[in-house]
Amino acid sequence: GGLLGGPSGIAVGGGIGGFLGAWMTSGKYQPLPQIIMELPAVQRQKLCDEIFAIVRHLNWEDADQLIALVKGKAALQEKVVAALESFVSQQLRAEVQYGD
């Protein structure tokens, strides 16, 4: 995430891991962060742009601070999760499944 989007990429990548457990594709469970890292750069940038549009209004200086802000606000957390679920289902044609 950091190579693609700098601090916001790190935050998005870390947030993704914290918000979603895993997703399923072709009968094989894979962690969402792994899938995202394997995406072509264009798709990773599209996801980053979608998530950044949600968090751009927040005042943050580093990834840890952004993650804490998002985790501390349920409504914001729901927006980020909804954007991730939408991206996975629409762009990747996959199903999100939450781990126990």
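All values reported here derive from a predicted model rather than from experimental measurement.

**Looking at the environment of Gln-77**
Structurally, the position occupied by Gln-77 is in helix H5 (residues 74–91). A distance of 3.2 Å separates the side chain of Gln-77 from the backbone oxygen of Lys-71, its partner in a polar contact.

**What to know about the confidence of the model for the protein chain**
Reading fine detail from the predicted coordinates is not recommended where pLDDT is low. For the protein chain, the mean per-residue pLDDT works out to 78, and 70% of the residues sit at or above 70. Within the protein chain, the lowest mean pLDDT, 42, falls on strand S1 (residues 22–25), and the highest, 91, falls on helix H3 (residues 41–55). Contacts from residues 20–26, a stretch scored under 50 in pLDDT, to residues over four places away or in other chains number 31 contacts.

**Points about H5**
Over its 18 residues, H5 runs 25 Å from end to end, which matches the ideal 26 Å to within 8%, given 1.5 Å per residue. Within H5 the residues assigned to the buried category are Leu-76, Val-80, Val-81, Ala-83, Leu-84, Phe-87 and Val-88. The arc that holds the buried residues of H5, viewed along the axis, is 155°, so those residues lie on one side. Seen from the buried face of H5, the exposed residues on the opposite side, beyond 90 degrees, are Ala-74, Ala-75, Glu-78 and Lys-79. Of the residues flanking the end of H5, it is Arg-93, one or two places downstream, whose phi is positive at about 55°.

**A word on the nonpolar core**
Within the largest apolar cluster, 21 residues are counted, with the highest numbers of intra-cluster contacts made by Val-55, Leu-58, Val-70, Val-80 and Leu-92. With six residues, the top contributor of residues to this core is H5.

**A short note on the packing of H3 against H5**
Remark: H3 packs on H5, axes separated minimally by 10 Å, with the N-to-C direction vectors making an angle of 155°. The orientation of H3 with respect to H5, classified from their angle, is roughly antiparallel. Like other packed secondary-structure pairs, H3 and H5 cross with a definite hand, here right-handed. Across the interface between the two elements, Gln-43, Lys-46, Leu-47, Glu-50, Ile-51, Ile-54 and Val-55 of H3 pack against Leu-76, Lys-79, Val-80, Ala-83, Leu-84, Phe-87 and Gln-91 of H5. Taken together, the residues that form the contact of H3 with H5 break down as nine nonpolar, two polar and three charged.

How each quantity is defined
Residues numbered from 1 in each chain as written. Predicted model: local features only at pLDDT ≥ 70, side-chain atom pairs only at ≥ 80, totals over all residues. Heavy atoms only, no water. Helix = DSSP H or I, 4+ residues; strand = E, 2+ residues; numbered from the N terminus. Polar contact = N/O pair within 3.5 Å; in protein donor to acceptor, adjacent residues only side chain to side chain. pLDDT = per-residue confidence, 0-100. Contact = heavy atoms within 4.5 Å. Expected span 1.5 Å × (residues − 1). Buried < 20%, exposed > 50% of the residue type's maximum accessible area, 1.4 Å probe, protein only. Arc of directions from axis to C-beta. Core = buried A, V, L, I, M, F, W, Y, C linked by side-chain atoms within 4.5 Å. Axes fitted to C-alpha atoms, helices over the stretch in contact; angles between N-to-C directions. Parallel < 35°, antiparallel > 145°, perpendicular 65-115°, else oblique. Left-handed = near helix turned anticlockwise from the far one by under 90°. Nonpolar A, V, L, I, M, F, W, Y, C, P; charged D, E, K, R; others polar.

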